[in-house]
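Summary of structural features
Chain by chain, the residues run as shown.
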Amino acid sequence: MALIELDRVSKTYGSGELTVHALHPVSLTIEAGEYCAIVGPSGSGKSTAMAILGCLDRPTAGTYRLDGHPVNSLGADALAEIRNRTLGFVFQQFYLLPQLSALENVMLPMVYANLPKAKRRSRATRALQKVGLGNRLHNRPSQLSGGQQQRVAIARAIVNRPKLLLADEPTGALDSQTSQSVMNIFADLNRDGMTVIMVTHDREVAGQCDRTISFRDGHLVADSHPPALLTPQSH
């Protein structure tokens, strides 16, 4: 079943002579349960595509369907609800609150989901155990290594059990050994059925995903394993 369907989605900024075509019309289908890498050089459009997929930006034209529902026309509150309940985000920077423990950081998304405190604590504990930090629940970020902080960020991203996990350069600030431990977690999450899409400039990292989607100059230029529903590109 298609989780993501982009139908000639494009993004432009400015107007007239100042118009910038950040993303030319892209049609793309990603099935539930896939493990994809989005790659491309700086300015290729990959980050713009990720922002649209994550409902952090709206396309200028075209249609984006997420889990069968068009999201283009939704208001800010509805998009925030989707980001909280359907999507999980992991970034290169960890964005942990320094005054809070690992457990408290992971509990935060559930506050907005209006879950009781006992349930928030229980689910956050299980999420941290899943990423190998069951013995670090009460450590603050300053007491954790970079790799451990990224694992806290992953636990926070998955605690609301999203259908789609979006990771933007999640290994960019980590050494190679720590990067591999983080990639192992993403692979485990995907094996458990979670759809994972990762933006990366690192071809070695991308090679660990099942499918690689390449952008250049705002165009989708290559797709290593497109599903049957993928609409051919026209440039």
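Just so we're clear, the structure is a prediction, and the values are computed from it rather than from any experiment.

With that settled, consider the sheet that holds strand 2 (residues 20-31). If you walk across this open sheet you meet the four strands as 2-1-4-5, and the pairing is antiparallel. Both edges of this open sheet fall to strand 2 and strand 5 (69-70), since each of them pairs with a single strand only. Direction of pairing for strand 4 (residues 61-66) relative to strand 5: antiparallel, over a ladder of two bridges. Bridge pairing links arginine 65 to proline 70 in strand 5.

Let us now look at the sheet that holds strand 9 (residues 211-216). Taken in spatial order, the six strands line up as 6-7-8-3-9-10 in an open sheet, and their pairing is mixed. The strands lining the two open edges of the sheet, one partner per strand, are strand 6 (87-91) and strand 10 (219-223). The sheet shows a mean angle of 20° between the axes of neighbouring strands, taken without regard to direction. Of the strands in this sheet, strand 3 (35-39), strand 6, strand 7 (164-168), strand 8 (195-199) and strand 9 touch helix 1 (residues 46-53), which is tilted by about 150° from strand 8.

It is worth spelling out helix 5 (residues 146-158) at this point. For helix 5, built from 13 residues, the straight-helix expectation of 18 Å at 1.5 Å per residue is met to within 8% by its first-to-last C-alpha distance of 19 Å. Burial of helix 5 is extensive: 12 of the 13 residues sit out of reach of the surface. Turning to helix 5, its buried residues are Gly147, Gln148, Gln149, Gln150, Arg151, Val152, Ala153, Ile154, Ala155, Arg156, Ala157 and Ile158.

So, on to the confidence of the model for the chain. For the chain, per-residue confidence averages 92 on the pLDDT scale, and 97% of positions sit at 70 or higher. Confidence drops under pLDDT 50 across residues 229-235; counting only partners more than four residues distant or on other chains, this segment forms 15 contacts.

Right, let's get into the pattern of salt bridges. Counted under the stated rule, the structure contains seven salt bridges. The shortest N-O distance in the salt bridge between glutamate 34 and arginine 211 comes to 3.0 Å. Taken together, the residues span a long stretch of sequence, with glutamate 34 in the loop between strand 2 and strand 3 and arginine 211 in strand 9 at a distance of 177 residues. With respect to burial, glutamate 34 and arginine 211 carry one shared label: buried. The salt bridge partner of lysine 163 is aspartate 67, with a shortest N-O separation of 2.3 Å. Residue lysine 163 is located in the loop between helix 5 and strand 7, and its partner aspartate 67 is located in the loop between strand 4 and strand 5; the two are separated by 96 residues in the primary sequence. Through salt bridges that share partners, Glu34, Arg211 and Asp223 make up one connected network.

Thresholds applied
Per chain, residue numbering runs from 1 following the sequence as it is written. Confidence filtering applies because this is a predicted model: local features only for residues at pLDDT of at least 70, side-chain atom pairs given and counted only at 80 or more, and all residues used for totals across whole chains, interfaces and linings. Processing note: side-chain calculations cover all non-hydrogen atoms of the structure and skip hydrogens and water entirely. Any two strands with at least two DSSP-identified bridges between them are counted as paired. Comment: elements are numbered from the N terminus, with helices defined as DSSP H or I runs of at least four residues and strands as E runs of at least two. Only the stretch in contact is used when a helix axis is fitted, and all axes are lines through C-alpha atoms; the angle between N-to-C directions ranges over 0 to 180 degrees. Should any heavy atoms of two residues lie within 4.5 Å, those residues are considered in contact. Expected span, for any helix, means 1.5 Å times one less than how many residues it has. For the exposure calls, accessible area comes from a 1.4 Å probe over protein chains only, and a residue counts as buried if that area is under 20% of its type's maximum, exposed if over 50%, partly exposed in between. As a per-residue measure, pLDDT reflects the predictor's confidence and takes values from 0 up to 100. Salt bridges, as used here, are contacts in which a Lys or Arg side-chain nitrogen is within 4 Å of a carboxyl oxygen on Asp or Glu.

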